[in-house]
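Descriptive analysis of the structure
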Amino acid sequence: MIYKVAVITSSPNKDGLTAACGNHARRGAEEAGAEVDEIDLNFYELLRCGACGTGYGTCRTDHCCQAEDDFGGLHKRLLTADAYIVVSPVYWGDMSESAKAFFDRVRRCEATLREESRLKGKPCIGVAAAGGGGGGTITCLLTMQQFFNHVRSEIFDLITITRKSREYKLHAIESAGKAMVEYMKTVKAG
Ligand SMILES: Cc1cc2nc3c(=O)[nH]c(=O)nc-3n(C[C@H](O)[C@H](O)[C@H](O)COP(=O)(O)O)c2cc1C
């Protein structure tokens with residue numbers, strides 16, 4: 001079986017740290033034989049959640065979003081993946097705005113399915129890519145961890161990286177991508 005891994009990045013900087021992390025994550029997953037679907041959220045039109053009605057719209061009733069933009073197609077691509085890796089630059093100690101816009105809406109569609117969440121049990125890795133100081137990487141990962149828990153995914157690893165740790169952490173990200181696919185082939189497949 002060939003596993004499909006979605007690598008989701010969310011930085012406007014095409015040559016920055018986030019992009020490098022995404023490339024290494026892809027490389028690792030491919031080394032283990034996975035097929036990778038790369039999604040750069042900054043290339044798409046993603047509105048923020050409108051908190052429709054009195055707080056919920058079709059996210060609660062039909063588990064899809066009623067806003068008309070690129071969300072529906074990207075949500076489907078994520079759901080077709082067997083595992084996923086999220087890489088966000090650290091902005092204000094949190095995920096980037098494009099990542100928040102996307103994952104806030106995915107959470108509403110999936111967390112409202114509770115145990116039937118279509119992301120339930122899917123292995124995932126979160127990467128917080130920061131500047132030199134690295135302040136805020138932990139809170140960024142906390143936000144990601146909350147998302148993963150709300151949609152009942154299986155956290156494989158949570159990784160911080162800064163400009164200072166870039167060289168060795170890029171190797172770690174590649175290794176993590178590879179190890180996650182190996183884990184799916186062995187442990188998860190039984
Ligand atoms: C709006 C904004 C807020 C930022 N906030 C933080 C922060 O809280 N902590 C930190 O270490 N770096 C922060 N940075 C620096 C970025 O995390 C860092 O430059 C990162 O490498 C950006 O990813 P990129 O290389 O993909 O652009 C911020 C950058 C921007 C543009």
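This text goes with the structure placed above it.
Here the residue numbering is sequential within each chain, running from 1 through the sequence in written order. The predicted origin of the model limits local features to residues at a pLDDT of at least 70 and limits the giving and counting of side-chain atom pairs to 80 or more, whereas totals for whole chains, interfaces and linings rest on all residues. In computing side-chain properties, one takes all heavy atoms of the structure into account and sets aside hydrogens as well as water.

Only strands that DSSP links by at least two bridges are regarded as paired with each other. Each helix corresponds to a stretch of at least 4 residues labelled H or I by DSSP, and each strand to a stretch of at least 2 residues labelled E; elements are numbered beginning at the N terminus. The strand order across the open sheet built from 5 strands is 2-1-3-4-5, with neighbouring strands paired in parallel fashion. The open sheet has two edge strands with one neighbour each: strand 2 (35–40) and strand 5 (154–161). Neighbour-to-neighbour, the strand axes of the sheet open up by a mean angle of 15 degrees, direction not taken into account. Bridge count between strand 1 (residues 4–9) and strand 3 (residues 83–89): 5 bridges; the pairing is parallel. Looking at the pairing, Val7 lines up with Ile85 of strand 3. Note on contacts: a residue pair qualifies if any of its non-hydrogen atoms lie within 4.5 Å across the two residues. To define axes, lines are fitted to C-alpha atoms, for helices over the stretch in contact only, and angles between the resulting N-to-C directions are given on a 0 to 180 degree scale. Packing against the sheet, helix 6 (residues 166–188) makes contact with strand 1, strand 3, strand 4 (123–129) and strand 5, and its axis sits at approximately 175 degrees to strand 5.

Now for the nonpolar core. The tendency in soluble globular proteins is for nonpolar side chains to be buried side by side. We call a set of buried residues a nonpolar core when its members are Ala, Val, Leu, Ile, Met, Phe, Trp, Tyr or Cys and they connect through side-chain atoms within 4.5 Å of each other. Burial classification: accessible surface area is computed with a 1.4 Å probe over protein chains only, and a residue below 20% of its type maximum counts as buried, one above 50% as exposed, and the rest as partly exposed. Among the nonpolar cores identified, the biggest contains 30 residues, and Ile8, Leu41, Tyr84, Phe102, Phe103, Leu119 and Phe147 are the most heavily contacted of them. Every element with two or more residues in this core is listed here: strand 1, helix 3 (71–80), strand 3, helix 4 (97–111), strand 4 and helix 5 (137–150). With near-sequence residues (within four places) excluded, Ile8 lies in contact with Ile39, Leu41, Leu78, Ile85, Val86, Val87, Phe102 and Phe103. Counting residues in hydrophobic clusters, the runner-up holds 25 residues, among them Tyr3, Val7, Leu170 and Ile173.

We now examine the site of the ligand. Taken together, 16 residues lie near the ligand, and Ser11, Leu17, Thr18, Val90 and Gly135 sit nearest. For the ligand, an oxygen atom lies 3.5 Å from a polar atom in the backbone of Ala129. Between N or O atoms, a polar contact is any pair within 3.5 Å; within protein, one atom must be a potential hydrogen donor and the other a potential acceptor, and residues adjacent in sequence are included only when both atoms are from side chains. Interatomic distance of 3.2 Å between a side-chain N/O atom of Arg163 and an oxygen atom of the ligand. Taken by itself the ligand offers 630 Å² of open surface, and the protein chains cover 70% of this. Its residues assigned to classes, the shell around the ligand shows 7 nonpolar, 8 polar and 1 charged. Near is defined per residue: the residue qualifies when any heavy atom it owns lies within 4 Å of the molecule or strand. What sets the accessible areas is the Shrake-Rupley method with a 1.4 Å probe; for residues, cover comes only from the shown protein chains. For this classification, the nonpolar set comprises Ala, Val, Leu, Ile, Met, Phe, Trp, Tyr, Cys and Pro, the charged set comprises Asp, Glu, Lys and Arg, and every other residue, Gly included, is treated as polar.

Below, the discussion takes up the packing of aromatic side chains. Side-chain rings of Phe, Tyr and Trp (the six-membered ring for Trp) are treated as a pair once their centres are within 6.5 Å; stacked means planes under 30 degrees apart, edge-to-face means over 60, and tilted covers the remaining angles. Across all of its chains, the model carries 6 aromatic pairs by this definition. For the pair Phe71 and Phe102, a centre-to-centre distance of 5.5 Å together with 55 degrees between the ring planes defines the contact as tilted. Placement of Phe71 in helix 3 and of Phe102 in helix 4 is noted, with a sequence separation of 31 residues between them. On the basis of relative accessibility, which here comes to 1%, the residue Phe102 falls in the buried class. Here the aromatic rings of Phe156 and Tyr183 are separated by 5.5 Å at their centres, their planes lie at 50 degrees, and the arrangement is tilted. Of the two residues, Phe156 is situated in strand 5 and Tyr183 in helix 6; the sequence distance between them amounts to 27 residues.

This part is about the pattern of salt bridges. The term salt bridge refers to a pairing of a side-chain nitrogen on Lys or Arg with a carboxyl oxygen on Asp or Glu at a separation within 4 Å. A complete count under the given rule lists 12 salt bridges for this structure. Three or more residues are tied together by salt bridges with common partners; here these are Arg26, Glu30 and Glu38.

What follows is about the packing of helix 1 (residues 17–31) against helix 6. Describing two packed helices takes the angle between their axes plus the distance from one axis to the other. Where helix 1 meets helix 6, the closest approach of the two axes is 7 Å, and the angle between their N-to-C directions is 35 degrees. The two elements helix 1 and helix 6 meet at a crossing, and its hand is right-handed. For the pair formed by helix 1 and helix 6, the contact residues are Leu17, Ala20, Cys21, His24, Ala25, Arg27, Gly28, Ala29 and Glu31 on the first element and Arg166, Leu170, Ile173, Glu174, Gly177, Lys178 and Val181 on the second. Looking at the contact of helix 1 with helix 6, its residues break down into 8 nonpolar, 3 polar and 5 charged. Crossing handedness is defined as follows: a turn of the near helix away from the far one that is anticlockwise and smaller than a right angle gives a left-handed crossing, while the clockwise case is right-handed.

Before going further, it helps to examine the pairing of strand 5. Two elements, strand 4 and strand 5, share 7 bridges in a ladder whose sense is parallel. What sits directly across from Ala128, in strand 5, is Thr160. In this fold, the crossover linking strand 4 to strand 5 by way of helix 5 has right-handed handedness. Look down the strands so they point away from you; if the path from the first strand over the helix to the second goes clockwise, the crossover is right-handed.

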